[in-house]
Amino acid sequence: MTNKKMLIGSLSNDLYRVASLMSRGSQKAANRFWQESKKWSLELSNQSLDSYINDIIIDLNSDNDPNVSQDKAEKFLMYGTLLQNYSLKID
């Protein structure tokens, strides 16, 4: 497994956790996983990625609000799915 694949998979998992925790009403835990996912997205900003994945990383890195809203959680669920699918096609 490549480092890029591991980073994308980790980011995808954390974004999914954020969405899942928000749907269960656990704002504090969702905020914590949001902060963890920021670490992965910052590391991915130095990687060579397809343009649509790079746009996701830029969007995540530009979001400085430490709190997760329901709308943001829904966006993270979509991003998590896109990232997971992308990680399956890279070596």
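Attention in this report is confined to the structure presented alongside it. (Residues numbered from 1 in each chain as written. Predicted model: local features only at pLDDT ≥ 70, side-chain atom pairs only at ≥ 80, totals over all residues. Heavy atoms only, no water.)

**Focus: the overall build of the protein chain**
Here's step 1: Broken down by element type, the protein chain carries four helices and zero strands.
Here's step 2: For 91 residues, the compact-globule estimate of 2.2 N^0.38 gives 12 Å, and the protein chain sits close to it at 12 Å.
Here's step 3: By principal-axis analysis of the C-alpha atoms, the protein chain measures approximately 35 × 20 × 20 Å.
Here's step 4: Sorting the 91 residues of the protein chain into buried and exposed places 41% on the buried side.
Here's step 5: Once local pairs closer than 6 in sequence are excluded, the contacts in the protein chain between residues at least 24 apart make up 71%.
Here's step 6: With an accessible surface of roughly 5200 Å², the protein chain has 50% of that area assigned to carbon and sulfur atoms.
Here's step 7: The averaged location of the 11 negative side-chain charges in the protein chain is 6 Å from the averaged location of its 11 positive side-chain charges. (Helix = DSSP H or I, 4+ residues; strand = E, 2+ residues; numbered from the N terminus. Rg over C-alpha atoms; globule rule 2.2 N^0.38 Å. Buried < 20%, exposed > 50% of the residue type's maximum accessible area, 1.4 Å probe, protein only. Contact = heavy atoms within 4.5 Å. Areas by Shrake-Rupley, 256 points an atom, 1.4 Å probe, with all protein chains shown as cover. Lys, Arg positive; Asp, Glu negative; His and termini not counted. Charge placed at Lys NZ, Arg CZ, Asp CG, Glu CD.)

**Brief notes about the pattern of salt bridges**
Here's step 1: A complete count under the given rule lists six salt bridges for this structure.
Here's step 2: Residue Arg-17 pairs with Asp-14 through a salt bridge whose shortest N-O separation is 2.9 Å. Remark: Asp-14 and Arg-17 occur in helix α1 (residues 3-23); sequence separation between them is three residues, near one turn of the helix.
Here's step 3: Taking relative accessible area as the criterion, Arg-17 reaches 36% and is therefore assigned partly exposed.
Here's step 4: The salt bridge partner of Asp-50 is Lys-89, with a shortest N-O separation of 3.3 Å. (Salt bridge = Lys/Arg side-chain N within 4 Å of Asp/Glu carboxyl O.)

**Side note on the packing of helix α3 (residues 51-62) against helix α4 (residues 70-89)**
Here's step 1: Where α3 meets α4, the axes come as close as 11 Å, and the angle between the chain directions of the two elements is 140 degrees. The orientation of α3 with respect to α4, classified from their angle, is oblique. Crossing geometry of α3 relative to α4 is assigned as left-handed. When α3 is examined against α4, the residues Tyr-52, Ile-53, Ile-56, Asp-59 and Leu-60 are found in contact with a partner set consisting of Lys-75, Phe-76, Tyr-79, Leu-82, Leu-83, Tyr-86 and Lys-89. (Axes fitted to C-alpha atoms, helices over the stretch in contact; angles between N-to-C directions. Parallel < 35°, antiparallel > 145°, perpendicular 65-115°, else oblique. Left-handed = near helix turned anticlockwise from the far one by under 90°.)

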